[in-house]
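Read off the chains here:
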Amino acid sequence: MRRPARLALLGILALGTLVSCAEEPGATGSDDGGGGTGKVAFLMPDLASTRYERYDAPLFRKRMGALCKECKVIYQNADSDAALQQQQANSAMAQGAKVIVLDPVDSDSASTIVQTAHSQGVKVIAYDRPVSDKPADFYISFDNEAIGEAIGRSLVGHLEKKGAKGGLLQVNGSPTDAAAGLIKQGIHTAVDDSGFDVLAEYDTPDWSPEKAQQWVSGQIAQHSDHIVGVVAANDGTGGGAIAAFKGAEVKVPPVTGNDAELAAIQRVVSGDQYNTISKPIRTVAEAAAEAAHQLMEGEKPTADSTLFDTPSRLFEPTVVTRENLKEVVFGPEGVLKTEDVCTRVYADDCRRIGIR
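All figures in this text were calculated on a predicted structure; none of them were measured in a lab. (Residues numbered from 1 in each chain as written. Predicted model: local features only at pLDDT ≥ 70, side-chain atom pairs only at ≥ 80, totals over all residues. Heavy atoms only, no water.)

**As for the side chain of Thr237**
Argument step 1. Along the chain, the position of Thr237 falls in helix H7 (residues 235-247).
Argument step 2. Given the relative accessible area of 0%, Thr237 is considered buried.
Argument step 3. The contact partners of Thr237, leaving out residues within four places of it in the chain, are Val171, Asn172, Thr204, Trp207, Ala212 and Ala232. (Helix = DSSP H or I, 4+ residues; strand = E, 2+ residues; numbered from the N terminus. Buried < 20%, exposed > 50% of the residue type's maximum accessible area, 1.4 Å probe, protein only. Contact = heavy atoms within 4.5 Å.)

**Details of the nonpolar core**
Argument step 1. Counting residues in hydrophobic clusters, the biggest one holds 64 residues, and the most contacted among them are Phe42, Phe60, Val101, Ile125, Tyr127, Ile140 and Ile265.
Argument step 2. Tallying contributions element by element places helix H9 (residues 281-296) first for this core, with nine residues.
Argument step 3. Beyond its immediate sequence surroundings of up to four residues, Ile140 is in contact with Ile125, Ala126, Tyr127, Asp128, Val284, Ala287, Ala288, Ala291, Arg313 and Phe315. (Core = buried A, V, L, I, M, F, W, Y, C linked by side-chain atoms within 4.5 Å.)

**Quick look at the sheet that holds strand S7 (residues 167-172)**
Argument step 1. What the three strands build is an open sheet, ordered S8-S7-S9; its pairing is parallel. A strand with exactly one partner marks an edge of an open sheet, and here the two such strands are strand S8 (197-203) and strand S9 (227-232). Taken over all neighbouring pairs, the strand axes of this sheet differ in orientation by 20° on average, direction set aside.
Argument step 2. Examined bridge by bridge, S7 and S8 share six bridges and lie parallel to one another. (Pairing = 2+ DSSP bridges. Axes fitted to C-alpha atoms, helices over the stretch in contact; angles between N-to-C directions.)

**Focus on the packing of helix H2 (residues 82-94) against helix H3 (residues 110-119)**
Argument step 1. At their nearest, the axes of H2 and H3 sit 10 Å apart, and the two run at 15° to each other. Put simply, H2 runs roughly parallel to H3. Where H2 crosses over H3, the handedness of that crossing is right-handed. Residues Gln85, Gln86, Ala89, Asn90 and Met93 of H2 touch H3, and the partners they reach there are Thr112, Ile113, Thr116 and Ala117. (Parallel < 35°, antiparallel > 145°, perpendicular 65-115°, else oblique. Left-handed = near helix turned anticlockwise from the far one by under 90°.)

**Description of the state of the cysteines**
Argument step 1. One pass over the structure, following the stated rule, counts two disulfides.
Argument step 2. Two residues share a disulfide in this structure: Cys68 and Cys71, whose sulfurs sit 1.9 Å from each other. When the S-S torsion is 75°, as for the bridge of Cys68 with Cys71, the disulfide is right-handed. Judged on exposure class, the residue Cys68 and its partner Cys71 are both buried.
Argument step 3. Paired by a disulfide, Cys342 and Cys350 hold their sulfur atoms 2.0 Å apart. Judged by the torsion about the S-S bond (-90°), the Cys342/Cys350 disulfide is left-handed. In this structure, Cys342 and Cys350 share a single accessibility class: buried.
Argument step 4. Along the chain, the cysteines engaged in disulfide bonds are linked according to the scheme 1-2, 3-4 when indexed in sequence order. (Disulfide = S-S within 2.5 Å.)

**Comments concerning the layout of surface pockets**
Argument step 1. Reported here for the largest pocket is a volume of approximately 460 Å³.
Argument step 2. Lining the largest pocket are 23 residues, and of these Lys162, Lys251, Val252, Pro253 and Pro254 sit closest to its centre.
Argument step 3. Elements supplying a minimum of two residues to the lining of the largest pocket: helix H4 (144-162) and S9.
Argument step 4. At three residues, the largest contribution of residues to the lining of the largest pocket is made by H4.
Argument step 5. Looking at the lining of the largest pocket, its residues break down into 12 nonpolar, five polar and six charged. (1 Å grid on protein atoms, 1.4 Å probe; cavity = no way out; pocket = protein on both sides within 12 Å on 5 of 7 lines; lining within 4 Å. Points joined across faces, edges and corners; volume = space filled by probe spheres on them. Nonpolar A, V, L, I, M, F, W, Y, C, P; charged D, E, K, R; others polar.)

**Some points on empty space enclosed by the protein**
Argument step 1. By volume, the largest cavity is sized at about 200 Å³.
Argument step 2. Forming the boundary of the largest cavity are 19 residues, of which Tyr52, Arg129, Trp207, Asn234 and Asp259 lie nearest the centre.
Argument step 3. Looking at the lining of the largest cavity residue by residue, the class counts come to six nonpolar, five polar and eight charged.

**Remarks on the packing of aromatic side chains**
Argument step 1. A complete count under the given rule lists five aromatic pairs for this structure.
Argument step 2. Arranged with centres 4.3 Å apart and planes meeting at 20°, the rings of Phe42 and Phe60 form a pair that is stacked. With Phe42 in strand S2 (residues 37-44) and Phe60 in helix H1 (residues 51-67), this pair connects stretches of sequence that are 18 residues apart. With respect to class, Phe42 is no different from Phe60; both count as buried.
Argument step 3. Seen in terms of ring centroids, Phe42 and Tyr75 are 6.3 Å apart; in terms of plane orientation they differ by 35°. Their pairing is tilted. Separated by 33 residues along the polypeptide, Phe42 in strand S2 and Tyr75 in strand S3 (residues 70-77) bring together distant segments of the chain. Here Phe42 and Tyr75 have matching classes, each one buried.
Argument step 4. In textbook terms, an aromatic cluster arises when at least three aromatic residues are bridged by ring pairs, as seen for Phe42, Phe60, Tyr75 and Tyr127. (Phe/Tyr/Trp six-rings, centres within 6.5 Å; stacked < 30°, edge-to-face > 60°.)

Next comes the structure, spelled out in structure tokens:
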């Protein structure tokens, strides 16, 4: 297995009943789009992150539409319910889906979805999060271990530069998410020998910002002035950590994140959050659509590594701080606009770091 070292952005809100799959045309593409027909399911894991509604699903649909004008995309979000995601997968297969693009709620139990799909001749692409116990046909993601290492090293370097003395809180992702486990490994690689002790560590159920906030609040009460930084595995848990410090009316230390969600970018602009990870969703969403189309055509997508015994394609992440935010977030691969970020509340902060 090639050691992970890479990363992107944000969510999709299922309208109507989550159990019944919404079937939509694959979005109008360019005039030279490919032919073919078929159905592909795009099954996302939760509503805690905004990325699926705003970015992943629209970008996936658009690229599928360009590749296959007559193909239909069945989209659903399981809202952190593994049993519901199983029902949604079964429903998609009953509707004739030939490929399932799956971002699993639970990386272990998702093996049942893969096994059921394979028994019916349906291909499965693991998306963003791997399926740990049953190899999917393909895996597309940013390098999650590298994400953890990158945000951790960025924070440690910043604290060393400031001459900080004290310890860290480590707020990991969901214990049922294998990708969260990889991020956690990467964080430990960065911080274990850094000279900054990990005062306490927490695996956040369902990536819940509220649960992260509650846990960090308890640690503030226990460790008070000894906390010099928080390594949070994504923007939601990072936002929860920041809210805990503000609720305790104490200074917010540098806090990490991951996903470059709009709210997190605004926190980086204002100085409330130290960093996040830019994972251009267009990169993985379009790659997933291309792989799905290849599998529908009986072709094998090209892998650059193997992860969890699955042929994989892993993309490089980028750490975002105030220093490079303008270039990364608003560059050619960015999906946010200055008017999205630099609202009235953040206008002065944007000007201070050269964003206009």
